[in-house]
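Each chain is listed here by its residues.
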Amino acid sequence: TLITNHMPTAELQALDAAHHMHPFTNGDELNAKGARVITRAKGVTLTDSDGNEILDAMAGLWCVNLGYGRDELAEAAARQMKELPYYNTFFQTTHVPVIALSERLAQLAPGDLNHVFYAGSGSEANDTNIRLVRTYWAQKGKPDKNIIISRKNAYHGSSVGSASLGGMQGMHAQGGLPIPDIHHINQPNWWAEGGDMTPEEFGLARAQELEEAILELGEDRVAAFIGEPVQGAGGVIVPPETYWPEIQRICDKYGILLIADEVICGFGRTGQWFGSQTYGIRPHIMTIAKGLSSGYAPIGGSIVCDEVAEVMNACEFAHGYTYSGHPVACAVALENLRILEEEGIVDRAGSETAPYLKQKWEGLVDHPLVGEAKIAGLMGSIALTPDKATRAQFAADAGTAGLICREECFANNLVMRHVGDRMVISPPLVITKPEIDTLIDRATTALDAAH
Ligand code: PLP
């Protein structure tokens, strides 16, 4: 059979159910109702196989920062495919797209983050980071300094290594994770866990758990701390203002490497190029992916500071992926960065779009179902609650408030995601003010239906 966009939806769904296994999905539940088939997209709008136009308030999976349908990226890919579709960077070879992208990233990244090790995704990049920081300390004569401290409810990817770094209990339960020498401290989620503390007190207390962990595990055992500037997949947990300065102080004091996982926060999401800039973090390593190519091609990487690169360059790091520095992905990423910069998209997102979205989004807190409404640039969350005063959670088996709300959004042609009882957004940076109004209207309709 020739399978095309023109086939009836039910036939496409049946074929999908027969042969395609979906990530993070209960296959039986999905197959019973059929997956929504997305056929085209432009700007912030998806079109499905029934012709519905859906506002994508998630930018795909937090990645289509530039918006859909930019021909320049398709043309950059086609040009590069014709000229040099593939060559590797393993055995003393390089190519122009990887040189150009690395130079560009070194300019964009803060501080002396000047060196890029490429991967095909954020998960792979975080796997690189695990081996990289451990190898770095071994090179410095401290092979026992290999524990990486991360946080509960963090998301760093799905591979065995990156899911071990992550703090999702459900993921650890499948497949025997985590790998050894990963330690998790608590997350700075004030709404759910802050108790009687003010957000500021709580942010400080949660950051100080890092110091407690270092003292407990031994300074000579801890290699690095990894964190997302704003936890994304965990529910857009915007940290209290006191949190990151204290984490930075502790990393400085004990000389442990600080890894900022910028896979979601990077490339304009928080209103500046990197979340580290928004939160005053000075990382030794940044994980990047997603917005690097606006999702148009799979690419990720680790941007590494001078000192770490110098130590690593003194040995052979026995690590790499067939697609490390893939020329087509690099060419697409370069074109994406050119447009984000030359059209002032990141600047406008920070100075105009984010303040407008913030005002509208925070207004949702007036809805009876919404406890807190948080925003960081162009990523936001609301916490659904049966009782605002006590910050109560819905019971786990009724953890359906978020689910109902997501289904209502979907029925209403809005893609929003739910994480337990938090609803999250992360729209393309190019979203306009009228599109933000539509987003808020549709979200409110969904909240009303879920109430
Ligand atoms: N790190 C963070 C912060 C992420 O949000 C994700 C994906 O959502 C990843 C890493 C993993 O990236 P990938 O899905 O490209 O492997």
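Criteria and cut-off values
Residues numbered from 1 in each chain as written. Predicted model: local features only at pLDDT ≥ 70, side-chain atom pairs only at ≥ 80, totals over all residues. Buried ≥ 20, exposed ≤ 12 C-beta atoms within 10 Å, placed from the backbone. Helix = DSSP H or I, 4+ residues; strand = E, 2+ residues; numbered from the N terminus. Pairing = 2+ DSSP bridges. Near = placed C-beta within 6 Å. Nonpolar A, V, L, I, M, F, W, Y, C, P; charged D, E, K, R; others polar. Core = buried A, V, L, I, M, F, W, Y, C linked by C-beta atoms within 7 Å. Domains from an automatic or database assignment. Contact = placed C-beta atoms within 7 Å. pLDDT = per-residue confidence, 0-100.

Caption draft 1: Summary view of the pairing of strand β9 (residues 285-288). Both faces of β9 are covered, namely the face carrying I285 and T287 and the face carrying M286 and I288. Summarising the sheet, strand β8 (residues 257-261) and β9 pair through 3 bridges and their orientation is parallel. Each bridged residue has a counterpart across the sheet, and for A260 the counterpart in β9 is M286. Both β9 and strand β10 (residues 300-305) contribute to a ladder of 4 bridges, which runs antiparallel. The residue bridging I288 from the neighbouring strand is G301, located in β10.

Caption draft 2: Quick peek at the site of the ligand. The local shell around the ligand holds 16 residues, among which S121, G122, S123, G157 and V263 are the closest. Of the residues contributing to the shell around the ligand, the split by class is 6 nonpolar, 8 polar and 2 charged.

Caption draft 3: The arrangement of the nonpolar core in detail. Among the nonpolar cores identified, the biggest contains 125 residues, and I148, F225, V332, A333 and L414 are the most heavily contacted of them. At 9 residues, the largest contribution of residues to this core is made by helix α14 (residues 327-342). A domain split of this core shows at least three residues from each of domain 1 (11-69 + 344-450) and domain 2 (84-342). For A333, the contacting residues outside a window of four places in its chain are L101, L292, S293, A297 and I299.

Caption draft 4: Inspection of the pairing of strand β3 (residues 53-56) at higher detail. Pairing analysis gives 3 bridges linking strand β2 (residues 45-48) to β3, with the strands arranged antiparallel. Directly across from L46, in β3, lies its bridge partner I54. What sits between β2 and β3 in their antiparallel hairpin is a turn of 4 residues, with G51 showing a positive phi close to 85 degrees. For β3 and strand β13 (residues 414-415), the ladder comprises 2 bridges, and the chain directions are parallel. Bridging from a neighbouring strand, D56 pairs with V415 of β13.

Caption draft 5: How the structure looks around the sheet that holds β2. Read across the sheet, 4 strands follow the order β1-β2-β3-β13 without closing on themselves; strand pairing throughout is mixed. Two strands bound the open sheet, and with one partner strand each, they are β1 (38-42) and β13.

Caption draft 6: Region of the structure containing the domain arrangement of the protein chain. Looking at the assigned domains, one finds that the protein chain contains domain 1 (11-69 + 344-450) and domain 2 (84-342). Each partner contributes to the interface: domain 1 provides 29 residues, whereas domain 2 provides 25 residues. At the level of secondary structure, the elements contributing two or more residues to the side of domain 1 that touches domain 2 comprise α3 (59-62), α15 (345-362), β11 (370-376), β12 (379-384) and β15 (422-425). When residues of the side of domain 1 that touches domain 2 are assigned to their parent elements, the largest contribution, 5 residues, is made by α15. Residue classes in the side of domain 1 that touches domain 2 are distributed as 15 nonpolar, 10 polar and 4 charged.

Caption draft 7: Main features of the confidence of the model for the protein chain. On average, residues of the protein chain score 96 in pLDDT, and 99% of them are at 70 or above. Complex prediction metrics read pTM 0.98 and ipTM 1.00.

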